[in-house]
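# A structural walkthrough
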Amino acid sequence: DAGVIQSPRHEVTEMGQEVTLRCKPISGHDYLFWYRQTMMRGLELLIYFNNNVPIDDSGMPEDRFSAKMPNASFSTLKIQPSEPRDSAVYFCASSLGTARLREQYFGPGTRLTVT
Amino acid sequence: DAKTTQPPSMDCAEGRAANLPCNHSTISGNEYVYWYRQIHSQGPQYIIHGLKNNETNEMASLIITEDRKSSTLILPHATLRDTAVYYCIVRPFVGTYKYIFGTGTRLKVLA
């Protein structure tokens, strides 16, 4: 299995631009999570989906952030417009709800820099 | 807010056991203790979890005190590749799938 795949691995953009981060979960997993990691705030859960439906988006910082999961194998996290304080590493993770351990498998992350 | 408290950093000599403590004094009866680690620039990786009994797998051992208010992750023979940030998380086994990551312990294994 290829694991969780994220793209791009690095993104540099200017303030005000739209940014789209992409995630492909592990095949067969029914939960998908988006996290953000910064030095100041650590690793924060932004939103998670179950069977493509958003379950908890209480961690989404503001309306500039949106996430979608159009099918079981693809999710996007969009920031529009982007701001310098959005600079962070964004991780996607997936999990199998019926698995005994229910551990989360993380992708390699996307390092976003907004100038 | 995270429900766990961990020391910010620890050092361990290569080949020795690394013992990483975690305090979770407000843990509920239905909450498990999970451990993850994050090697520099990578996503977190699951290590082990437990409820009240001690657990062991190929990566580590988990010792949970009888009152369940604290636990210790043990890496029996630490290697340089074990240098990472280690997170202790408590979460109900059923219901929410949310993890709340604290600040973790930065373990440095010294040659």
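Quantities reported herein were computed from a predicted structural model and do not represent experimental measurements.

### Section: the overall build of chain B
- Secondary structure summary: chain B contains zero helices and nine strands in total.
- Each helix and strand of chain B, ordered N terminal to C terminal, gives the series β-β-β-β-β-β-β-β-β.
- For chain B, whose C-alpha radius of gyration is 13 Å, the value lies close to the compact-globule estimate of 13 Å for 111 residues.
- The burial tally for chain B puts 46% of its 111 residues in the buried class.
- Long-range pairs, those at least 24 residues apart, make up 57% of the contacts in chain B between residues at least 6 apart in sequence.
- Counting only carbon and sulfur atoms, one obtains 50% of the accessible surface of chain B, whose full area is about 5,700 Å².

### Thoughts on the state of the cysteines
Residue and element names in this part refer to chain A.
- Evaluated as defined, the whole model comprises two disulfides over all chains.
- Between the sulfur atoms of Cys23 and its disulfide partner Cys92 the distance amounts to 1.9 Å. Judged by the sign of its S-S torsion, about -65 degrees, the cystine formed by Cys23 and Cys92 is left-handed. Note that Cys23 is positioned in strand β3 (residues 19-24) and Cys92 in strand β9 (residues 88-95), a separation of 69 residues in sequence.

### Focus on the interface of chain B and chain A
- At the interface, 20 residues of chain B touch 20 residues of chain A.
- Inspection of the region where chain B meets chain A yields zero salt bridges.
- Applying the counting criterion to the chain B and chain A interface returns three residue pairs in polar contact (both at pLDDT 80 or more).
- Elements with a minimum of two residues in the side of chain B that touches chain A: β3 (31-38), β4 (45-50) and β8 (84-92) of chain B.
- For the side of chain B that touches chain A, the residue count by class is 11 nonpolar, seven polar and two charged.

### Quick notes on the sheet that holds strand β7 (residues 65-71) of chain A
Residue and element names in this part refer to chain A.
- The strand order across the open sheet built from four strands is β1-β3-β8-β7, with neighbouring strands paired in antiparallel fashion. Two strands close off the open sheet at either side, each with one partner strand: β1 (5-7) and β7. Neighbour-to-neighbour, the strand axes of this sheet turn through a mean angle of 15 degrees, independent of strand direction.
- As judged from the five bridges shared by β3 and strand β8 (residues 74-79), these two strands associate in the antiparallel manner. Bridge pairing links Arg22 to Thr76 in β8.

### Looking at the side chain of Thr13 of chain A
- Mapping Thr13 of chain A onto the fold places it in strand β2 (residues 10-13).
- In this view, Thr13 of chain A contacts Val19, Ser82, Leu112, Thr113, Val114 and Thr115 of chain A; residues no more than four positions away in its chain are not counted.

The rules behind each value
- Residues numbered from 1 in each chain as written.
- Chains lettered and ligands numbered in written order.
- Predicted model: local features only at pLDDT ≥ 70, side-chain atom pairs only at ≥ 80, totals over all residues.
- Heavy atoms only, no water.
- Helix = DSSP H or I, 4+ residues; strand = E, 2+ residues; numbered from the N terminus.
- Rg over C-alpha atoms; globule rule 2.2 N^0.38 Å.
- Buried < 20%, exposed > 50% of the residue type's maximum accessible area, 1.4 Å probe, protein only.
- Contact = heavy atoms within 4.5 Å.
- Areas by Shrake-Rupley, 256 points an atom, 1.4 Å probe, with all protein chains shown as cover.
- Disulfide = S-S within 2.5 Å.
- Salt bridge = Lys/Arg side-chain N within 4 Å of Asp/Glu carboxyl O.
- Polar contact = N/O pair within 3.5 Å; in protein donor to acceptor, adjacent residues only side chain to side chain.
- Nonpolar A, V, L, I, M, F, W, Y, C, P; charged D, E, K, R; others polar.
- Pairing = 2+ DSSP bridges.
- Axes fitted to C-alpha atoms, helices over the stretch in contact; angles between N-to-C directions.

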